[in-house]
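Here is what each chain is made of, one letter per residue.
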Amino acid sequence: EISFDEVNKFSEKGAKILFPSALIPVMESNIPVYIGWIHDHKKGTKILKKIDKNPKLIGITHQGELIRYELEKKSPDVSPTNFMENIKTILDTHKIGYRAIFHDGERVNFHILIKDRFPEAALLQLEEFSVVSKFPNISLISIVGVQIDCFSKIILNVISDLEKEGISLIQVEQCKDSLTFSYPSRVDGRVLNYIHDKLFLNR
């Protein structure tokens, strides 16, 4: 079972199996929706208006064809909060649709679609107070759940196992209900299959 709010979160992270606004009429009338598996109708997911908020993993989503920008502040006198706010202000002013923005104190990274234009004026403004590095052909994977912190040890062990295979994932966003990682698109299939199998098939 999954709630309407959880479906929305799953969609925000890139899941394309369901368009949340299509559920609004039935959710307003408190009518449950069932999404079944074509090969076995006993297997599937029931979507309800409200469910118990017990810790659980919901699924994984993937977004590809991205560029990751990493910004490191030039001056140690700038606080992490001001550094992040300055970057967001520039991105919003130039209407740059960024994804998965994350900071660890000294650095901020964010992602934009390769096909989207990044204005030269915005880049120049960012370079006034930060060192900008650009990494093309990047993918994002988000692990979505309820009380995701309860699964952090399991998830980090899976990420660590991938690193032993020479595949490095960088954490780029953490919310109460999702963790997002960035990695080179060339290993898409291996990353998606491995994380899916370890978190959803072997538990």
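In what follows, the structure referred to is the one given above.
Cut-offs used in this document
Residues numbered from 1 in each chain as written. Predicted model: local features only at pLDDT ≥ 70, side-chain atom pairs only at ≥ 80, totals over all residues. Heavy atoms only, no water. Helix = DSSP H or I, 4+ residues; strand = E, 2+ residues; numbered from the N terminus. Buried < 20%, exposed > 50% of the residue type's maximum accessible area, 1.4 Å probe, protein only. Contact = heavy atoms within 4.5 Å. Salt bridge = Lys/Arg side-chain N within 4 Å of Asp/Glu carboxyl O. Pairing = 2+ DSSP bridges. Axes fitted to C-alpha atoms, helices over the stretch in contact; angles between N-to-C directions.

Draft legend 1. Fine view of the environment of Glu72. The residue Glu72 is located in strand β4 (residues 56–73) in this model. Since its relative accessible area comes to 39%, Glu72 is described here as partly exposed. Sequence-wise, Glu72 and Ser130 are 58 residues apart; in three dimensions their C-alpha atoms are separated by 5.2 Å. Sequence-distant contacts of Glu72, defined by excluding residues within four places in its chain, comprise Phe83, Glu106, Arg107, Phe129, Ser130 and Val131.

Draft legend 2. Up close: the pattern of salt bridges. Under the definition given, this model contains five salt bridges. When the shortest N-O distance is used, the salt bridge between Arg107 and Glu72 registers 3.9 Å. Within this pair, whereas Arg107 is found in strand β6 (residues 107–113), its partner Glu72 is found in strand β4, the two being separated by 35 residues in sequence. Close ionic contact of Arg107 with Asp104 constitutes a salt bridge, the shortest N to O distance being 3.5 Å. Counted as one network, the salt bridges with shared partners bring together Glu72, Asp104 and Arg107.

Draft legend 3. View of the sheet that holds strand β2 (residues 33–37). Strands sit in the order β1-β3-β2 across an open sheet of three strands; the sheet is mixed. Of all the strands in the sheet, just β1 (2–3) and β2 have a single pairing partner and so form its edges. With five bridges joining them, β2 and strand β3 (residues 40–48) adopt antiparallel strand pairing. Directly across from Gly36, in β3, lies its bridge partner Gly44.

Draft legend 4. Summary view of the sheet that holds strand β9 (residues 178–184). Reading across the sheet, the six strands line up as β5-β6-β4-β7-β9-β8 and stay open at both edges, with antiparallel pairing between neighbours. Two strands lie at the open edges of the sheet, namely β5 (99–103) and β8 (170–175), each paired on one side alone. Neighbour-to-neighbour, the strand axes of the sheet open up by a mean angle of 30°, direction not taken into account. Bridge count for β5 against β6 is three bridges, and the pairing is antiparallel. Its bridge partner being in β6, His103 is matched across the sheet by Val108. Taken strand by strand, helix α1 (residues 4–12) contacts β4 and β7 (130–146), and its axis lies near 40° from that of β4. Across the sheet, helix α3 (residues 80–93) is in contact with β4, β5, β6 and β7; its angle to β5 comes to roughly 155°.

Shape is all these values report; function is a separate question.
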